[in-house]
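Secondary and tertiary structure notes
The chain contents come next:
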Amino acid sequence: MKSIQFIVNGKECTVLCPPAKTLLDVLREDLGLTASKECCGKGECGSCSVLIDNEVVCSCLVLAGQAENQVITTCEGVGLSPNLDVIQESFIAEGATQCGYCTPGIIVSAKAFLDGIDHVPSVGEIKTALGGNLCRCTGYTKIIKAVQTAASQKISEPETIR
Amino acid sequence: MLVSEIDMITPSSLSECLMQLSKEGRIHRLIAGGTDAAVRMKEGKWRPEIWINIKNLNELRYIQESEDCIYIGPLTTHKDIIYSPLLQRKADVLVDAAREVGATQMQNMGTIGGNIGTASPAGDTLPALYVLGARLELTSLSTKRIIPIEEFILGPGRTVLKENEMITKILIKSQKPNEIGIFQKLGPRKAQSISIVNVAISLTLDQDLKCREGKIAFGSVAPTIIRARKCESMLSLGTINDELIRNIAKIAWKEVMPISDGRATATYRRDMASALLERGLYRLIRRWDNQ
Ligand SMILES: Cc1cc2nc3c(=O)[nH]c(=O)nc-3n(C[C@H](O)[C@H](O)[C@H](O)COP(=O)(O)OP(=O)(O)OC[C@H]3O[C@@H](n4cnc5c(N)ncnc54)[C@H](O)[C@@H]3O)c2cc1C
Ligand code: FES
Ligand code: FES
């Protein structure tokens, strides 16, 4: 057991856990942040995606000890009702979620992607950026549309960045 | 060993890391991005007593050029490689290969040192490093040696790295203006897939597509990466045209030595090695013409 500190969604947290426990398990079990989901557990599906220093990673393959003192953002940190991020609003507006299992991971990936660009991305660009996130329900059309909608809104109202 | 029993040490400098590696009487293993290490830990294959975590050892994360050599730190991520203007200009084939690794998440997490350390026959940066004449600096507390990558990798997952050593630098030759490279990969899907076959090509061209030298390295068609020497010797014979490309592709079919496994049969791999090489050469020529 080790005492490990992180900054999660802007808050400093300390947890006592084995250092080789995955960050995903720490978020879900120790910190009660259950938006990030475990699906494959081996980096293939992206449902566990979180941001470390604003870069998207699979938290199922990050060990807690490796995330020590890092700045972590989960889907809860992107936005929580009623203060949703424009990406989350767009997913609702476009109906880009069905069972919802993949959605938090996709929101987090889309957040990192859109924060890094200043144009409305093409379908090809979105497919590359979100290539590591699988969805078994929606068929992706609405997800891609939602990301484009969010991008156009961000560009037209840049001050919505909270 | 249970996952919950594995300890972790995070050295704050290279010298501290080398000291940790030199400690005897315990089982330890380096973990960088963890994209191979964590998966194998979960599968029960890699359960060291201690992970030596080098993820944030930033003194080993750099891309520098000096004269005609480029130095890459092992902690450099695939994303760093993809966005490096220096590598885009002078090691295009490596940038191509890094782009094909996994998807965004794996490119953010995975490092070039880890890709080499895993020594998978399907590792995507490896064929690119072979055609770029990569050498590796291996350092322990008291020794330092530089060896060609061909001598580093012995077989699937097997390398000459000693218990107390680590990769501290990757050295490649900068491409000259008349050199151009490309990496081609076939996987079950576009993103996030292990190569069924991959190939890196690097050509030194004169006027009118006269090829002075060509290097070709295949992955996933033998226990380690292989250079296609017969194909290479054909390249240095003359001008690159349809006929030469078709003939080289035929020779490649014979030159690779793939096995059948869960991902593909040997025959399919031969066919695809040949097709990827042909396609790669055509794409390379088009890229050259567009320059
Ligand atoms: C979903 C998924 C998709 C993937 N897709 C691809 C793909 O398309 N192509 C591909 O090539 N790979 C792929 N991989 C494999 C992996 O992402 C890469 O091999 C990556 O580059 C490994 O780097 P890492 O930093 O994560 O290594 P780690 O997992 O941290 O380490 C891997 C090994 O290298 C050793 N090591 C690390 N650094 C050093 C060093 N400096 N000196 C000596 N030894 C060292 C470690 O001890 C360990 O044995 C994929 C993995 C996953 C989970
Ligand atoms: S659960 Fe982490 S990528 Fe699938
Ligand atoms: S909405 Fe069900 S997996 Fe994507």
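Residues numbered from 1 in each chain as written. Chains lettered and ligands numbered in written order. Predicted model: local features only at pLDDT ≥ 70, side-chain atom pairs only at ≥ 80, totals over all residues. Heavy atoms only, no water.

Before going further, it helps to examine the domain arrangement of chain A. Residues and elements named next belong to chain A. By the assigned domains, chain A splits into domain 1 (2-78) and domain 2 (86-157). When each unit is reduced to the centre of its C-alpha atoms, the spacing between domain 1 and domain 2 is 21 Å. Tallying the contact residues gives 16 residues for domain 1 and twelve residues for domain 2. Across the interface of domain 1 and domain 2, roughly 1,200 Å² is buried in total on both sides, 67% from carbon and sulfur atoms. (Domains from an automatic or database assignment. Contact = heavy atoms within 4.5 Å. Buried area = accessible area lost by both parts, 1.4 Å probe.)

Residue and element names in this part refer to chain B. The terminal C-alpha atoms of helix 12 (residues 266-290) lie 36 Å apart, and with 25 residues this matches the ideal 36 Å at 1.5 Å per residue to within 8%. If you check which residues of helix 12 are buried, you get Ala266, Arg269, Ala273, Ser274, Leu276, Leu277, Gly280, Leu281, Leu284, Ile285 and Trp288. Packing partners of the buried residues in helix 12 comprise strand 11 (179-186), strand 12 (197-205), strand 13 (211-219), helix 10 (229-235) and helix 11 (242-255). (Helix = DSSP H or I, 4+ residues; strand = E, 2+ residues; numbered from the N terminus. Expected span 1.5 Å × (residues − 1). Buried < 20%, exposed > 50% of the residue type's maximum accessible area, 1.4 Å probe, protein only.)

Let's shift gears to the sheet that holds strand 2 (residues 11-17) of chain A. Pairing between the strands of a sheet comes from backbone hydrogen bonds, and it takes one of two forms, parallel or antiparallel. Residues and elements named next belong to chain A. Strand order in this open sheet of five strands is 2-1-5-3-4, and the pairing throughout is mixed. The sheet is open, and its two edges are formed by strand 2 and strand 4 (55-58), each paired on a single side. In this sheet, adjacent strand axes meet at a mean angle of 40° when their direction is disregarded. Bridge analysis of strand 3 (residues 49-52) against strand 4 gives four bridges, and the strand direction is antiparallel. (Pairing = 2+ DSSP bridges. Axes fitted to C-alpha atoms, helices over the stretch in contact; angles between N-to-C directions.)

Residues and elements named next belong to chain B. The strand order across the open sheet formed by three strands is 1-3-2, and the pairing between neighbours is parallel. In this open sheet, the two edge strands, each paired with only one partner strand, are strand 1 (7-9) and strand 2 (28-31). Pairs of neighbouring strands in the sheet enclose a mean axial angle of 30°, with direction left out of account. Examined bridge by bridge, strand 1 and strand 3 (residues 50-53) share three bridges and lie parallel to one another. Residue pairing across strands places isoleucine 9 opposite isoleucine 52, the latter belonging to strand 3. The sheet contacts of helix 1 (residues 14-22) involve strand 1, strand 2 and strand 3, and relative to strand 2 the element is tilted by about 150°.

What follows is about the pairing of strand 3 of chain A. All names here are of chain A. Of the two faces of strand 3, both are covered, the one formed by Ser49 and Leu51 as well as the one formed by Val50 and Ile52. Note: strand 3 against strand 5 (residues 71-73), two bridges, orientation antiparallel. Across the sheet, the residue bridging to leucine 51 is threonine 73, located in strand 5.

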